[in-house]
Amino acid sequence: MANIVVVGSLNMDMVATAPRIPVIGETIIGTDYFTQPGGKGANQAYAVARLGGRVAMIGCVGDDELGRQMRGNLAAVGCDIGEVRVESGSSGVAVICVSATGENSIIVVSGANARLKPQHVLQSRATFLNAKVVLLQLESPLETVIAAAKAGRECGAIVVLDPAPVPEVKLTPELLRNIDILTPNEVEAASLVGRLPNRLTPDEAVELGSELRKQWTPTVIMKLGDQGCVIVSPDSQTLLPAPHVRAVDTTAAGDVFNGALAVAISEGKNLRSACEFANRAAAISVTRAGAQAAVPLRAEVETIATNTASAVSY
């Protein structure tokens, strides 16, 4: 039975690669195009399964070929899809542009994901009974995310929120008091506190993470891409560097991080060890194109070395 529950989105990714991401009003010639299953929720569930975790997914797809493909892709890696509902209409899609340096821009059209309601979470309560970790994101309706956070808290699980995409309205206390760990990247963290997004130094990340922790949730893990991550908790403030790799595509690296984090926590690892494991998994994923296709196997993560640079405590 699953001990990690993911509540969230399933999208079919439509990916175009190009020398760079176009600016507003510009048309450029791309180099490649492909489709593959994605969505932040499904990516995290897929990552958990590939990394050896026992996971169940709660979400919605449309009654179309895209929905069938996405459900089948999760089932193929051992994810429990019994609570991935099939609703009339179209499945969600994400239009993604990936640059030659691995950066990306994404437009999400929710489709069936918008029809995942709080009552669906309530009807899936049995799925939460053995949960040690519940993974949430913000591509589902906010009231549904709140219901899932409450369900996770009530069953005694560690509730992890990936605040992406950052909503136009502020996250409510009703949601945040049921969250144990917040995992923003640099852009999301800045948006949550009303700052302009920019590349952060580790020192700045610690400062911003401390501000988020005071306002939002007990523990903040700031995802800093090739710099690794910063843990800001009641006990410590620590930078954990990422392994050095050559990035090909950063799509879903944050989702791989969260999936790996959940697996490590569910196995009883402390937060530092869990984040080191997540850093390694995410680092491998950016060396490959795509989202779920880039998720490494557990054996690969076990063999890659942690960055030899020492962790830094603040």
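Scroll up for the structure.
Below you will find a few notes about this structure. Keep in mind that what you see is a predicted model, and the values were worked out from it rather than measured.

1. Looking at the overall build of the protein
Summing up its helical and strand segments, the protein has 10 helices and 14 strands in all. Expected size for 314 residues packed as a compact globule is a radius of gyration near 20 Å; at 18 Å, the protein falls within 12% of this value. The dimensions of the protein, computed from C-alpha atoms along their principal axes, are 50 × 50 × 40 Å. Expressed as a percentage of its 314 residues, the buried residues of the protein come to 54%. Sequence-distant contacts in the protein: of pairs separated by 6 or more residues, those separated by 24 or more amount to 68%. Summed over all atoms, the accessible surface of the protein reaches about 13,000 Å², with 54% contributed by carbon and sulfur. Distance between charge centroids for the protein: 5 Å, based on 26 positive and 31 negative side chains.

2. So, helix α8 (residues 253-266)
An α-helix turns once every 3.6 residues. As a result, residues three or four positions apart point the same way. Taking 1.5 Å of rise per residue, 14 residues should cover 20 Å, and α8 covers 20 Å from first to last C-alpha, within 8% of that figure. Most of α8 sits out of view: 13 of its 14 residues are buried. Where α8 terminates, the next one or two residues include glycine 268, which has phi positive at roughly 90°.

3. Regarding the pattern of salt bridges
Under the definition given, this model contains 18 salt bridges. Among the ionic pairs, arginine 153 bridges to aspartate 180, the shortest N-O distance being 3.1 Å. With arginine 153 in helix α4 (residues 142-154) and aspartate 180 in the loop between α5 (173-176) and β10 (181-182), this pair connects stretches of sequence that are 27 residues apart. The salt bridge partner of lysine 223 is aspartate 162, with a shortest N-O separation of 3.4 Å. Here aspartate 162 lies in the loop between β9 (158-161) and α5 and lysine 223 lies in strand β11 (residues 219-223), a separation of 61 residues in the sequence. Beyond isolated ion pairs, a larger network of salt bridges with shared partners links Lys40, Asp162, Lys223 and Asp255.

4. Let's talk about the nonpolar core
Within the largest apolar cluster, 45 residues are counted, with the highest numbers of intra-cluster contacts made by Leu74 and Leu261. Top contributing element to this core by residue count: α8, with 8 residues. Among all residues touching leucine 261, those that are not within four sequence positions of it are Val160, Thr183, Ile221, Leu271, Ala274, Cys275 and Ala278. Counting residues in each nonpolar core, the second largest holds 41 residues, with Ala147, Leu175, Val193 and Met222 among its members.

5. Considering a nonpolar patch on the surface
A grouping of Val95, Ile107 and Val109 is seen on the molecular surface, where their side chains present a nonpolar patch of about 270 Å² in accessible area. You can see valine 109 is positioned in strand β7 (residues 104-109). The partly exposed category is assigned to valine 109, whose relative accessible area is 46%.

6. Re the sheet that holds strand β5 (residues 80-87)
With respect to topology, 10 strands assemble into an open sheet ordered β5-β4-β1-β8-β9-β10-β11-β12-β13-β14, the strand pairing being mixed. At either margin of the open sheet sits one strand with a lone partner, and together these are β5 and β14 (312-313). By the bridge criterion, 2 bridges tie β10 to β11 in an arrangement that is parallel. Of the residues in β11, the one forming a bridge with isoleucine 181 is threonine 219. Against the sheet, α8 makes contact with β1 (4-7), β8 (133-136), β9, β10, β11 and β12 (229-232), and its axis sits at roughly 170° relative to β8, the strand it touches most.

Conventions we followed
Residues numbered from 1 in each chain as written. Predicted model: local features only at pLDDT ≥ 70, side-chain atom pairs only at ≥ 80, totals over all residues. Heavy atoms only, no water. Helix = DSSP H or I, 4+ residues; strand = E, 2+ residues; numbered from the N terminus. Rg over C-alpha atoms; globule rule 2.2 N^0.38 Å. Buried < 20%, exposed > 50% of the residue type's maximum accessible area, 1.4 Å probe, protein only. Contact = heavy atoms within 4.5 Å. Areas by Shrake-Rupley, 256 points an atom, 1.4 Å probe, with all protein chains shown as cover. Lys, Arg positive; Asp, Glu negative; His and termini not counted. Charge placed at Lys NZ, Arg CZ, Asp CG, Glu CD. Expected span 1.5 Å × (residues − 1). Salt bridge = Lys/Arg side-chain N within 4 Å of Asp/Glu carboxyl O. Core = buried A, V, L, I, M, F, W, Y, C linked by side-chain atoms within 4.5 Å. Patch = residues over 30% accessible without salt bridge, like charges linked within 9 Å, V, L, I, M, F, W, Y side chains within 5 Å. Pairing = 2+ DSSP bridges. Axes fitted to C-alpha atoms, helices over the stretch in contact; angles between N-to-C directions.

These results come straight from atomic positions and should not be treated as a statement about function.
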